[in-house]
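Coordinates in review
Chain by chain, the residues run as shown.
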Amino acid sequence: MTSIEKPKVLTVSLIQIAILLLIILGLFFVTEIIWKSFLLGGTIAIIPHAYFSVYAFRYLGASSTQKITQSFYRGEAGKFILTLVGFSVTFLWFENLNVRDVFISYVLMVLLQLYLTARVIKQY
């Protein structure tokens, strides 16, 4: 048992979802292609990060060092695979997407993720 509090890293994913939904609402009346492209690109960034967050921060404390290391590896591998699958599914299953907007949304969510994660970790 440890007295270390787990960082609230899943709040980063929730904030990202809220911001992505606001962006999509703003783009909803522009064209369907643009808001769908932003939705898919943002989702490709958010879901793998949430997966990583769950696995990376499952264990805490010095006595769990080996479990922590394994969880980080599993989380990072899963994040990488989910990202690849996300892009593959997006470009294979969805037609009429704006590829540029998919990547813009993905990059925006990754940058937001880095910023928010740094803020959350700084609080601890």
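Residues numbered from 1 in each chain as written. Predicted model: local features only at pLDDT ≥ 70, side-chain atom pairs only at ≥ 80, totals over all residues. Heavy atoms only, no water.

Notes on the packing of aromatic side chains
- Applying the stated criterion across every chain, the model contains seven aromatic pairs.
- Aromatic side chains Phe28 and Trp35 sit 5.3 Å apart centroid to centroid with 40° between the ring planes, which places their arrangement in the tilted category.
- Residue class for Phe28 comes out partly exposed when judged on its relative accessible area of 42%.
- Given a relative accessible area of 17%, Trp35 falls into the buried group. (Phe/Tyr/Trp six-rings, centres within 6.5 Å; stacked < 30°, edge-to-face > 60°. Buried < 20%, exposed > 50% of the residue type's maximum accessible area, 1.4 Å probe, protein only.)

A look at the side chain of Thr90
- With respect to the element layout, Thr90 can be found in helix H3 (residues 65-93).
- Separated by 2.7 Å, the side chain of Thr90 and the backbone oxygen of Gly86 make a polar contact.
- The contact partners of Thr90, leaving out residues within four places of it in the chain, are Leu40, Ile44 and Leu97. (Helix = DSSP H or I, 4+ residues; strand = E, 2+ residues; numbered from the N terminus. Polar contact = N/O pair within 3.5 Å; in protein donor to acceptor, adjacent residues only side chain to side chain. Contact = heavy atoms within 4.5 Å.)

What to know about the pattern of salt bridges
- Applying the stated criterion across every chain yields a total of two salt bridges.
- Between Glu32 and Lys36 there is a salt bridge, and its shortest N-O distance comes to 2.6 Å. Here the residue Glu32 and the residue Lys36 both occupy positions in helix H2 (residues 32-56), the gap between them amounting to four residues, near one helical turn.
- Judged by its relative accessible area of 46%, Glu32 falls in the partly exposed class. (Salt bridge = Lys/Arg side-chain N within 4 Å of Asp/Glu carboxyl O.)

Some remarks on the packing of helix H1 (residues 10-27) against H2
- Interaxial distance between H1 and H2 falls to 10 Å at its minimum, and their mutual angle equals 180°. Accordingly, the angle class assigned to the pair H1 and H2 is roughly antiparallel. Residues Leu10, Val12, Ser13, Gln16, Ile17, Leu20, Ile23, Ile24 and Leu27 of H1 pack against Ile34, Trp35, Phe38, Leu39, Gly42, Thr43, Ile46, His49, Ala50, Ser53 and Val54 of H2.
- Considered class by class, the residues forming the contact of H1 with H2 number 14 nonpolar, six polar and no charged. (Axes fitted to C-alpha atoms, helices over the stretch in contact; angles between N-to-C directions. Parallel < 35°, antiparallel > 145°, perpendicular 65-115°, else oblique. Nonpolar A, V, L, I, M, F, W, Y, C, P; charged D, E, K, R; others polar.)

Overview of the nonpolar core
- Judged by nonpolar contacts, Val12, Leu20, Ile24, Leu27, Trp35, Phe38, Ala45, Ile46, Met109, Leu112, Leu116 and Val120 together constitute the single largest core of twelve residues.
- Those elements that place two or more of their residues in this core are H1, H2 and helix H4 (99-122).
- With sequence-adjacent residues up to four places away left out, Ile46 is seen in contact with Ser13, Gln16, Ile17, Leu20 and Met109.
- Counting five residues, the second largest nonpolar core, distinct from the first, contains Leu40, Phe87, Leu97 and Val102. (Core = buried A, V, L, I, M, F, W, Y, C linked by side-chain atoms within 4.5 Å.)

Points about the side chain of Ser53
- As for its placement among the helices and strands, Ser53 is situated in helix H2.
- Once residues within four sequence positions are removed from consideration, Ser53 is found in contact with Val9 and Leu10.

Observations regarding the environment of Phe87
- Within the secondary structure layout, Phe87 lies in helix H3.
- The class for Phe87 is buried, based on a relative accessible area of 15%.
- C-alpha of Phe87 to C-alpha of Ile44: the two residues are 43 residues apart in sequence and 6.9 Å apart in space.
- With residues up to four places along the chain from it excluded, the contact list for Phe87 reads Ile44, Val102, Phe103 and Tyr106.

Treat this as a map of the structure, not an account of what it does.
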